[in-house]
Amino acid sequence: MGLSSVSRRVLAVGAVIVAGTLGLSACGGGDTNAGTSGGASSNAPAAGSGPKVVHPGKLTTCTNLPYEPFQFKQGDKVVGFDVDIVDLAAKKLGLTQEIVDIDFAVIKSGAAMAAGKCDVAAAGMTITPERQANIDFSVPYFDATQALLGKKGLGVKTLDEVKAKNLRVGAQASTTGLEFAKKNGLNPKEFADSPKELLGLQSNQVDVIIQDLPVVLTWLKKPEIADKFELFASLDTGEQYGVGLKKGADPVLLKAVNDAITTAKSDGTYEQIFVKWFGKKPGELG
């Protein structure tokens, strides 16, 4: 959604003031900031042509930590696949990405961006019609697959076998994995976030869990997880992740995010980032 005619007149009158503000302002985020990634590009947009952002000089991103390898803390810095993808858009706009950790339910509902908590949301978030009612999405940047992880020796490969054996199932609250489990006739125990979901499996609260495949593969790199648990199946749900924006998104910001993703996929940058975080090329995860 573009600017109203009144807004255009106001901007025209105050063009010099706006240009000066954009050139000089660089205020940081509030106390909820989880970390900063990337740096401002020297190819900043011309004065008056930049996006409307909640903090001048910053591209503020809402996410839900940790969700390794998409976003997680490494020391005092937030890193991950999603972080690198959004950095491409931030640099294109001459901004520095600032990351805010917030509850996923507040992100997917669109409330976080509507309240001015952030400009975009990158939280391994699947594009769904329900979410599109409250959020504008970028072009897809990741083809997602769910996975079934459980105790070794259970001998299941499908959700039908999970049901037949009356196994206890866990899933992360507010996620498409939870919805997928329910649609397949399961009644999963809900966990607030992915670490609590894994802990639920480790502490015998559930027998198997449903979670995004890259997250499960990252867990299985840890010997203490791989020794006791195994990946039973990849569940192709046809999901795609998108970067979320406020409903009626600023067209300059939306275009920058879309262009960053599209360009990265065409010039090899996307593949480099993908291999960096997943150890395999796109299409090879499973």
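Since this is a predicted model, take the numbers as computed values, not measurements.

Draft legend 1. How the structure looks around the overall build of the chain. Assigned secondary structure in the chain consists of 13 helices and 13 strands. Working note: accessible area of the chain is about 13300 Å², and carbon and sulfur atoms make up 53% of it.

Draft legend 2. Spatial organisation of helix α8 (residues 176-183). T176, G177, L178 and A181 are the residues of α8 that are buried. Turning to α8, the residues buried within the fold contact α6 (129-132), β8 (142-151), β9 (169-172), β10 (189-191), β11 (208-212) and β12 (229-241). One or two steps after α8, the chain reaches G185, where phi turns positive at roughly 80°.

Draft legend 3. The environment of E197, seen in detail. Along the chain, the position of E197 falls in helix α9 (residues 194-202). Classification of E197 as buried rests on a relative accessible area of 0%. Counting along the chain gives 12 residues from E197 to I209, while the straight-line C-alpha distance between them is 7.4 Å. In this structure, E197 is in contact with G170, A171, Q172, F191, I209, I210, Q211 and W219, ignoring residues within four places of it in sequence.

Draft legend 4. Highlighting the sheet that holds β12. Read across the sheet, five strands follow the order β10-β9-β11-β8-β12 without closing on themselves; strand pairing throughout is mixed. Each having just a single partner strand, β10 and β12 make up the two edges of the open sheet. In this sheet, adjacent strand axes meet at a mean angle of 25° when their direction is disregarded. Sheet analysis places β8 next to β12, joined by nine bridges and oriented antiparallel. Along β12, the bridge assignment pairs G150 with E230. Across the sheet, α9 lies against β8, β9, β10, β11 and β12, angled at about 155° from β11, the strand it touches most.

Draft legend 5. Structural detail: the packing of aromatic side chains. This model, assessed by the stated rule, comprises 17 aromatic pairs. When the centroid spacing of 6.1 Å and the interplanar angle of 55° are considered together, the rings of Y141 and Y241 count as tilted. One end of the pair, Y141, is in the loop between β7 (135-137) and β8; the other, Y241, is in strand β12, and 100 residues separate them in sequence. Since its relative accessible area comes to 1%, Y141 is described here as buried.

Draft legend 6. Region of the structure containing the state of the cysteines. On inspection of all chains with the given rule, the structure shows one disulfide. Covalent S-S linkage joins C62 and C118, the inter-sulfur distance amounting to 2.2 Å. In this structure, the disulfide formed by C62 and C118 twists by about -105° around the S-S bond and is classed as left-handed. Pair noted here: C62 is in strand β2 (residues 58-63) and C118 is in the loop between α5 (111-114) and β6 (120-121), with a separation of 56 residues, a long-range link. No difference in accessibility class separates C62 from C118, as the two residues are buried.

Draft legend 7. A look at helix α3 (residues 81-93). With 13 residues, α3 should cover 18 Å at 1.5 Å per step; its first-to-last C-alpha distance of 19 Å lies within 8% of that length. Across the 13 residues that make up α3, a large majority, 10, are buried. Within the span of α3, buried status applies to F81, D82, V83, D84, I85, V86, D87, A89, A90 and L93. Positive phi appears at G94, one or two residues downstream of α3, with a value of about 75°.

Draft legend 8. Broad picture of the pattern of salt bridges. Tallied over the entire structure, the rule returns 10 salt bridges. Linking D84 and K276 is a salt bridge whose minimum nitrogen-to-oxygen distance equals 2.9 Å. Residue D84 is found in helix α3, and its partner K276 is found in helix α13 (residues 269-278); the two are separated by 192 residues along the sequence. D84 gets classed as buried once you look at its relative accessible area, which sits at 14%. Overall, the relative accessible area of 54% leaves K276 in the exposed class.

What counts, and where the lines are drawn
- Residues numbered from 1 in each chain as written.
- Predicted model: local features only at pLDDT ≥ 70, side-chain atom pairs only at ≥ 80, totals over all residues.
- Heavy atoms only, no water.
- Helix = DSSP H or I, 4+ residues; strand = E, 2+ residues; numbered from the N terminus.
- Areas by Shrake-Rupley, 256 points an atom, 1.4 Å probe, with all protein chains shown as cover.
- Buried < 20%, exposed > 50% of the residue type's maximum accessible area, 1.4 Å probe, protein only.
- Contact = heavy atoms within 4.5 Å.
- Pairing = 2+ DSSP bridges.
- Axes fitted to C-alpha atoms, helices over the stretch in contact; angles between N-to-C directions.
- Phe/Tyr/Trp six-rings, centres within 6.5 Å; stacked < 30°, edge-to-face > 60°.
- Disulfide = S-S within 2.5 Å.
- Expected span 1.5 Å × (residues − 1).
- Salt bridge = Lys/Arg side-chain N within 4 Å of Asp/Glu carboxyl O.

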